[in-house]
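Structural description and commentary
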Amino acid sequence: FFAPGQYVRTCTIPADTFVVGKMHRHEHFVMLVKGEASILTDKGMERITGPKKWISKPGAKRPVHTHTDCEFLTVHSTDETDLDVLEAELIVPEAQIDYEAPQEAAFLTNAVQGAYA
């Protein structure tokens, strides 16, 4: 969805699904409009219930496990309306992500395993 200076993106994820979000270049609003999910935050794995809103910082890449059907919404500041251009403007391509920090990889693995415990 587009409004002056804004691009709003929605994502519906079925219950009991595990996904890892894309890494965004810019700070933006995120909302869990409905549903319940566990998401990796700076505080560890947190179980959240919608409606809930927060601000995602640049460079965040978070695993999510949905416990119910969920609808997420993100809001990005831009005047662009071409989806291919938006993808390049907003998202860091996987090939450009540096995964060399082993402690971060171990933290992510432990958090993911904890979601299924």
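Residues numbered from 1 in each chain as written. Predicted model: local features only at pLDDT ≥ 70, side-chain atom pairs only at ≥ 80, totals over all residues. Heavy atoms only, no water.

Turning next to the overall build of the chain. In terms of helices and strands, the chain carries two helices and nine strands. Helices (α) and strands (β) of the chain occur, in sequence order from the N terminus, as β-β-β-β-β-β-β-β-β-α-α. Within the chain, the proportion of its 117 residues that are buried is 32%. If you take every contact in the chain between residues at least 6 apart in sequence, the share linking residues at least 24 apart comes to 76%. (Helix = DSSP H or I, 4+ residues; strand = E, 2+ residues; numbered from the N terminus. Buried < 20%, exposed > 50% of the residue type's maximum accessible area, 1.4 Å probe, protein only. Contact = heavy atoms within 4.5 Å.)

Okay, unusual backbone geometry next. Residue Pro51 is reached from Gly50 by a cis peptide bond, and omega for that bond is 5°. Tracing the backbone through its elements, the reader meets Pro51 in the loop between β6 (44-49) and β7 (52-56). The phi dihedral of Asp16 falls on the positive side, at around 55°, and the residue is not glycine. Relative to the assigned elements, Asp16 resides in the loop between β2 (6-13) and β3 (18-20). A relative accessible area of 57% means that Asp16 is categorised as exposed.

Counting residues in hydrophobic clusters, the biggest one holds eight residues: Ile13, Leu32, Ala37, Ile39, Ile48, Val64, Cys70 and Phe72. Going through the elements one at a time, β5 (36-41) and β9 (70-77) are the ones with two or more residues in this core. Excluding residues within four positions of it along the chain, Val64 makes contact with Thr17, Phe18, Val19, Ala37, Ser38, Ile39 and Phe72. (Core = buried A, V, L, I, M, F, W, Y, C linked by side-chain atoms within 4.5 Å.)

In this section: the sheet that holds strand β1 (residues 2-3). Reading across from one edge, β1-β2-β9-β4-β7 is the order of the five strands in this open sheet, with antiparallel pairing throughout. One side of each edge strand has no neighbouring strand; the edge strands of this open sheet are β1 and β7. Direction of pairing for strand β4 (residues 28-34) relative to β9: antiparallel, over a ladder of five bridges. Bridge assignment links Leu32 to a residue of β9, and that residue is Phe72. Sheet contacts for helix α1 (residues 83-90): β1, β2 and β9; angle to β2, the most-contacted strand, approximately 90°. (Pairing = 2+ DSSP bridges. Axes fitted to C-alpha atoms, helices over the stretch in contact; angles between N-to-C directions.)

The next thing to look at is the sheet that holds β5. Taking strand neighbours across the sheet as the criterion, the four strands line up as β3-β8-β5-β6 in an open arrangement whose pairing is antiparallel. In the strand order of this sheet, the two ends are held by β3 and β6, each with one partner. Taken over all neighbouring pairs, the strand axes of this sheet differ in orientation by 25° on average, direction set aside. Relative to β6, β5 runs antiparallel, the two sharing six bridges. The residue of β6 that forms the bridge with Leu40 is Met45.

Residue placement: Thr17 occurs in the loop between β2 and β3. For Thr17, a relative accessible area of 21% gives the class partly exposed. Along the chain, Thr17 and His65 lie 48 residues apart, while their C-alpha atoms are 5.6 Å from each other. Among the polar contacts made by the side chain of Thr17, one reaches the main-chain carbonyl oxygen of Pro14 at a distance of 2.8 Å. (Polar contact = N/O pair within 3.5 Å; in protein donor to acceptor, adjacent residues only side chain to side chain.)

Just geometry here; none of it tells us what the structure is for.
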